[in-house]
Amino acid sequence: MNSHFPQTIREAKDFQKKIANKVILEDMLSEITTIGAFDISYKQDKAFAAGIIIDNATEEVLEEEVIVSEIQFPYIPTFLFLREVPSFISLLSKISIKPDLVLIDGHGIAHPKNAGSATVFGVLANIPSIGVAKKPLKFFEYKSSEVKYLKQVFLNEKFVGYKYQPNTNWNPVFISPGNLVSVESSFTFIQNLFKSRFKLPAPLHKAHNLATQFRIEHLT
DNA sequence: GCGACAG
DNA sequence: ATCTTGTCGC
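Rules of the game
Numbering of residues starts from 1 in each chain and follows the order in which that chain's sequence is written. All chains are assigned letters beginning at A, and all ligands numbers beginning at 1, according to the order in which they are written. Only residues with pLDDT of 70 or above have their local features reported here, since the model is predicted, and side-chain atom pairs are shown and tallied only from 80 upward, although totals for entire chains, interfaces and linings are computed over all residues. Excluded from the side-chain calculation are hydrogens and water; included are all heavy atoms of the structure. Working definition: helices are DSSP H or I runs of at least four residues, strands are E runs of at least two. Numbering for both runs from the N terminus. Salt bridge, as applied in this entry: a Lys or Arg side-chain nitrogen positioned within 4 Å of an Asp or Glu carboxyl oxygen. Partly exposed describes any residue whose relative accessible area lies between the buried limit of under 20% and the exposed limit of over 50%, with all areas from a 1.4 Å probe on protein chains only and scaled to the type maximum. In this analysis, rings of Phe, Tyr and Trp, with Trp reduced to its six-membered ring, are considered paired at centre separations within 6.5 Å, and the interplanar angle assigns stacked below 30 degrees, edge-to-face beyond 60, and tilted for intermediate values.

Tracing the sequence through the fold places Asn-209 in helix 5 (residues 202-219). The spacing of Asn-209 and Ser-41 is 168 residues in sequence and 9.1 Å in space, taken between C-alpha atoms.

A few words on the pattern of salt bridges. All chains considered together, the criterion is met by six salt bridges. Lys-94 is the partner of Glu-65 in a salt bridge, and the nearest nitrogen-oxygen pair spans 3.5 Å. Here Glu-65 is found in strand 3 (residues 61-70), whereas its partner Lys-94 is found in helix 2 (residues 80-94), with 29 residues between them in sequence. Of the charged contacts, one joins Lys-134 and Asp-105 as a salt bridge, the two residues approaching to 3.2 Å between their closest N and O atoms. Separated by 29 residues along the polypeptide, Lys-134 in the loop between strand 5 (129-133) and strand 6 (141-144) and Asp-105 in strand 4 (residues 101-105) bring together distant segments of the chain. Assessed through its relative accessible area of 36%, Lys-134 is described here as partly exposed. Each of Asp-45, Lys-46 and Glu-70 takes part in one network of salt bridges that share partners.

Per the counting criterion, the structure on display carries 16 aromatic pairs. Ring geometry for Phe-48 versus Phe-214: centroids 5.5 Å apart, planes at 80°, classification edge-to-face. Taken together, the positions of Phe-48 in strand 2 (residues 46-55) and Phe-214 in helix 5 put the pair 166 residues apart, joining distant regions of the chain. Residue Phe-48 shares its accessibility class with Phe-214, and that shared class is buried. Pairing Tyr-149 with Tyr-164 gives two aromatic rings, centres 5.8 Å apart and planes at 65°, and the pair type is edge-to-face. Of this pair, Tyr-149 sits in the loop between strand 6 and strand 7 (150-155) while Tyr-164 sits in strand 8 (residues 158-164), placing them 15 residues apart in sequence. Looking at Tyr-164, the relative accessible area reads 5%, which means it is buried. These aromatic residues form a ring-pair network of at least three members: Tyr-149, Phe-154, Phe-159, Tyr-162, Tyr-164, Phe-187 and Phe-194.

So this is what it looks like as C-alpha coordinates:
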(Lines give C-alpha, C1' and ligand atoms only; values in the text may rest on other atoms or scores of the structure.)
Protein backbone atom coordinates (compact mmCIF):
# COMPACT_ATOMS: atom_id res chain seq x y z
CA MET A 1 0.00 0.00 0.00
CA ASN A 2 1.41 3.37 -0.75
CA SER A 3 1.90 6.02 1.85
CA HIS A 4 -1.06 8.19 1.30
CA PHE A 5 -4.14 6.13 1.41
CA PRO A 6 -6.88 8.45 2.75
CA GLN A 7 -7.67 8.30 6.45
CA THR A 8 -10.68 10.61 6.51
CA ILE A 9 -13.73 11.19 4.34
CA ARG A 10 -12.38 14.59 3.39
CA GLU A 11 -9.15 13.04 2.17
CA ALA A 12 -11.13 10.31 0.47
CA LYS A 13 -13.06 12.79 -1.66
CA ASP A 14 -9.87 14.36 -2.92
CA PHE A 15 -8.32 10.94 -3.43
CA GLN A 16 -11.25 9.75 -5.56
CA LYS A 17 -10.88 12.83 -7.73
CA LYS A 18 -7.21 12.07 -8.37
CA ILE A 19 -7.92 8.41 -9.04
CA ALA A 20 -10.65 9.34 -11.54
CA ASN A 21 -8.17 11.48 -13.44
CA LYS A 22 -5.81 8.54 -13.79
CA VAL A 23 -8.31 6.03 -15.10
CA ILE A 24 -7.62 4.67 -18.58
CA LEU A 25 -10.75 3.46 -20.35
CA GLU A 26 -8.95 1.63 -23.11
CA ASP A 27 -8.26 -2.03 -23.57
CA MET A 28 -4.64 -2.66 -22.69
CA LEU A 29 -4.75 -6.41 -22.65
CA SER A 30 -3.90 -8.69 -25.52
CA GLU A 31 -5.27 -11.88 -24.13
CA ILE A 32 -7.07 -12.88 -20.95
CA THR A 33 -5.35 -16.00 -19.70
CA THR A 34 -5.85 -15.58 -15.99
CA ILE A 35 -8.62 -13.83 -14.12
CA GLY A 36 -8.54 -12.73 -10.51
CA ALA A 37 -11.53 -12.08 -8.26
CA PHE A 38 -11.65 -10.47 -4.82
CA ASP A 39 -14.32 -10.21 -2.18
CA ILE A 40 -14.64 -9.57 1.55
CA SER A 41 -16.81 -11.01 4.29
CA TYR A 42 -17.25 -9.13 7.57
CA LYS A 43 -17.73 -10.14 11.17
CA GLN A 44 -17.85 -7.59 13.95
CA ASP A 45 -14.60 -5.61 13.69
CA LYS A 46 -12.83 -7.93 11.27
CA ALA A 47 -12.62 -8.09 7.50
CA PHE A 48 -12.04 -11.49 5.89
CA ALA A 49 -10.74 -10.94 2.39
CA ALA A 50 -10.34 -13.62 -0.25
CA GLY A 51 -8.59 -13.59 -3.60
CA ILE A 52 -8.69 -16.24 -6.25
CA ILE A 53 -6.95 -16.71 -9.58
CA ILE A 54 -8.67 -18.70 -12.30
CA ASP A 55 -7.53 -20.00 -15.66
CA ASN A 56 -9.88 -18.36 -18.13
CA ALA A 57 -9.81 -21.28 -20.55
CA THR A 58 -10.16 -24.24 -18.19
CA GLU A 59 -11.84 -22.46 -15.25
CA GLU A 60 -9.31 -24.19 -13.05
CA VAL A 61 -8.44 -22.47 -9.77
CA LEU A 62 -4.74 -21.66 -9.97
CA GLU A 63 -4.28 -19.86 -6.68
CA GLU A 64 -6.16 -18.79 -3.56
CA GLU A 65 -5.27 -16.38 -0.78
CA VAL A 66 -7.07 -15.08 2.29
CA ILE A 67 -6.20 -12.33 4.71
CA VAL A 68 -7.87 -11.06 7.87
CA SER A 69 -7.60 -7.51 9.14
CA GLU A 70 -9.28 -4.99 11.42
CA ILE A 71 -12.04 -2.94 9.82
CA GLN A 72 -10.71 0.60 9.43
CA PHE A 73 -13.81 2.42 8.23
CA PRO A 74 -17.58 2.08 8.57
CA TYR A 75 -19.54 1.43 5.43
CA ILE A 76 -20.48 4.72 3.83
CA PRO A 77 -22.21 4.69 0.43
CA THR A 78 -19.80 5.82 -2.35
CA PHE A 79 -16.84 5.32 -0.01
CA LEU A 80 -16.80 1.54 0.02
CA PHE A 81 -13.25 1.58 -1.32
CA LEU A 82 -11.95 2.80 2.04
CA ARG A 83 -12.98 -0.49 3.59
CA GLU A 84 -12.10 -2.86 0.82
CA VAL A 85 -9.24 -1.69 -1.37
CA PRO A 86 -6.42 -2.00 1.21
CA SER A 87 -7.24 -5.69 1.62
CA PHE A 88 -7.36 -6.19 -2.14
CA ILE A 89 -3.92 -4.63 -2.54
CA SER A 90 -2.53 -6.88 0.19
CA LEU A 91 -4.05 -9.94 -1.40
CA LEU A 92 -2.61 -9.10 -4.78
CA SER A 93 0.85 -8.78 -3.30
CA LYS A 94 0.54 -12.19 -1.64
CA ILE A 95 -0.52 -13.85 -4.85
CA SER A 96 2.29 -15.07 -7.07
CA ILE A 97 0.38 -14.99 -10.35
CA LYS A 98 -0.27 -11.53 -11.73
CA PRO A 99 -3.75 -11.86 -13.29
CA ASP A 100 -4.54 -10.30 -16.67
CA LEU A 101 -7.82 -8.99 -15.34
CA VAL A 102 -9.30 -8.57 -11.86
CA LEU A 103 -13.00 -8.66 -10.98
CA ILE A 104 -14.18 -6.73 -7.94
CA ASP A 105 -17.50 -7.00 -6.10
CA GLY A 106 -18.64 -3.37 -6.37
CA HIS A 107 -18.75 -0.53 -8.89
CA GLY A 108 -15.98 0.79 -11.11
CA ILE A 109 -16.51 4.12 -12.89
CA ALA A 110 -20.26 3.79 -12.41
CA HIS A 111 -19.91 5.98 -9.37
CA PRO A 112 -20.69 9.69 -8.75
CA LYS A 113 -16.98 10.51 -8.82
CA ASN A 114 -16.16 7.78 -11.34
CA ALA A 115 -14.09 6.17 -8.66
CA GLY A 116 -15.71 3.10 -7.13
CA SER A 117 -13.78 0.28 -5.47
CA ALA A 118 -12.89 -1.48 -8.71
CA THR A 119 -11.49 1.74 -10.14
CA VAL A 120 -9.48 2.72 -7.07
CA PHE A 121 -8.02 -0.76 -6.93
CA GLY A 122 -7.29 -0.89 -10.65
CA VAL A 123 -5.52 2.47 -10.65
CA LEU A 124 -3.47 1.81 -7.49
CA ALA A 125 -2.44 -1.65 -8.66
CA ASN A 126 -2.12 -0.51 -12.28
CA ILE A 127 -4.01 -3.57 -13.42
CA PRO A 128 -7.03 -4.08 -15.69
CA SER A 129 -10.12 -4.35 -13.52
CA ILE A 130 -13.90 -4.54 -13.80
CA GLY A 131 -16.53 -3.85 -11.16
CA VAL A 132 -19.59 -6.06 -10.81
CA ALA A 133 -22.21 -4.94 -8.28
CA LYS A 134 -25.50 -6.46 -7.24
CA LYS A 135 -27.21 -3.13 -6.64
CA PRO A 136 -27.19 0.18 -8.50
CA LEU A 137 -26.29 3.51 -7.02
CA LYS A 138 -29.20 5.95 -6.93
CA PHE A 139 -27.60 8.31 -9.44
CA PHE A 140 -27.81 5.95 -12.40
CA GLU A 141 -29.88 6.54 -15.52
CA TYR A 142 -30.60 3.87 -18.09
CA LYS A 143 -30.91 3.59 -21.83
CA SER A 144 -32.13 0.49 -23.61
CA SER A 145 -29.73 -1.18 -26.00
CA GLU A 146 -30.45 -3.47 -28.93
CA VAL A 147 -30.30 -6.39 -26.56
CA LYS A 148 -33.25 -6.81 -24.23
CA TYR A 149 -31.36 -8.01 -21.18
CA LEU A 150 -28.71 -5.31 -21.48
CA LYS A 151 -29.20 -1.64 -20.64
CA GLN A 152 -26.61 1.08 -20.76
CA VAL A 153 -25.91 2.89 -17.53
CA PHE A 154 -25.43 6.65 -17.73
CA LEU A 155 -24.15 9.04 -15.14
CA ASN A 156 -23.98 12.78 -15.80
CA GLU A 157 -24.67 12.14 -19.49
CA LYS A 158 -21.73 9.76 -19.65
CA PHE A 159 -21.93 6.11 -20.65
CA VAL A 160 -20.27 4.33 -17.74
CA GLY A 161 -21.42 0.72 -17.75
CA TYR A 162 -24.19 -1.81 -18.11
CA LYS A 163 -27.18 -3.19 -16.31
CA TYR A 164 -27.20 -6.86 -17.19
CA GLN A 165 -29.98 -9.36 -16.58
CA PRO A 166 -29.44 -12.51 -18.64
CA ASN A 167 -31.96 -14.49 -16.63
CA THR A 168 -35.28 -13.23 -15.31
CA ASN A 169 -34.86 -15.46 -12.27
CA TRP A 170 -31.95 -13.37 -11.06
CA ASN A 171 -31.77 -9.74 -10.19
CA PRO A 172 -29.69 -7.67 -12.60
CA VAL A 173 -26.04 -6.91 -11.99
CA PHE A 174 -24.23 -3.66 -12.71
CA ILE A 175 -20.99 -3.83 -14.65
CA SER A 176 -18.49 -1.04 -15.21
CA PRO A 177 -14.80 -0.67 -16.00
CA GLY A 178 -12.41 -0.34 -13.12
CA ASN A 179 -9.29 0.58 -15.04
CA LEU A 180 -7.51 -0.26 -18.31
CA VAL A 181 -10.69 -1.63 -19.88
CA SER A 182 -13.19 0.09 -22.19
CA VAL A 183 -16.83 0.42 -21.19
CA GLU A 184 -17.89 -1.95 -23.97
CA SER A 185 -15.28 -4.54 -22.98
CA SER A 186 -16.27 -4.43 -19.32
CA PHE A 187 -19.24 -6.46 -20.45
CA THR A 188 -17.87 -8.52 -23.34
CA PHE A 189 -14.76 -9.63 -21.47
CA ILE A 190 -16.79 -11.24 -18.70
CA GLN A 191 -20.01 -12.22 -20.44
CA ASN A 192 -18.90 -15.84 -20.70
CA LEU A 193 -18.24 -15.99 -16.96
CA PHE A 194 -21.93 -15.74 -16.10
CA LYS A 195 -23.18 -19.25 -15.49
CA SER A 196 -26.88 -19.93 -15.24
CA ARG A 197 -26.47 -21.30 -11.76
CA PHE A 198 -24.71 -18.24 -10.34
CA LYS A 199 -25.83 -14.68 -9.96
CA LEU A 200 -22.31 -13.30 -10.21
CA PRO A 201 -19.51 -14.16 -12.66
CA ALA A 202 -18.07 -17.54 -11.62
CA PRO A 203 -14.73 -16.17 -10.33
CA LEU A 204 -16.48 -13.63 -8.08
CA HIS A 205 -18.87 -16.28 -6.88
CA LYS A 206 -15.93 -18.42 -5.85
CA ALA A 207 -14.16 -15.53 -4.16
CA HIS A 208 -17.33 -14.73 -2.25
CA ASN A 209 -17.64 -18.34 -1.06
CA LEU A 210 -13.99 -18.45 -0.08
CA ALA A 211 -14.28 -15.27 1.99
CA THR A 212 -17.40 -16.54 3.75
CA GLN A 213 -15.83 -19.92 4.43
CA PHE A 214 -12.68 -18.25 5.76
CA ARG A 215 -14.76 -16.10 8.12
CA ILE A 216 -16.67 -19.07 9.48
CA GLU A 217 -13.55 -21.17 9.99
CA HIS A 218 -11.73 -18.28 11.62
CA LEU A 219 -14.45 -18.08 14.25
CA THR A 220 -13.89 -21.65 15.29
C1' DG B 1 -33.65 17.79 10.45
C1' DC B 2 -34.00 15.31 5.96
C1' DG B 3 -32.88 11.54 2.99
C1' DA B 4 -30.84 7.12 1.85
C1' DC B 5 -26.79 5.35 -2.33
C1' DA B 6 -21.96 -0.68 -3.91
C1' DG B 7 -20.45 -3.84 0.59
C1' DA C 1 -22.19 -6.94 4.63
C1' DT C 2 -24.62 -9.53 8.86
C1' DC C 3 -28.60 -11.02 11.82
C1' DT C 4 -32.01 -15.54 10.79
C1' DT C 5 -37.00 -20.28 10.31
C1' DG C 6 -39.39 -22.02 7.61
C1' DT C 7 -40.96 -22.51 3.14
C1' DC C 8 -41.52 -22.54 -1.86
C1' DG C 9 -39.78 -24.43 -6.10
C1' DC C 10 -36.67 -26.66 -9.55
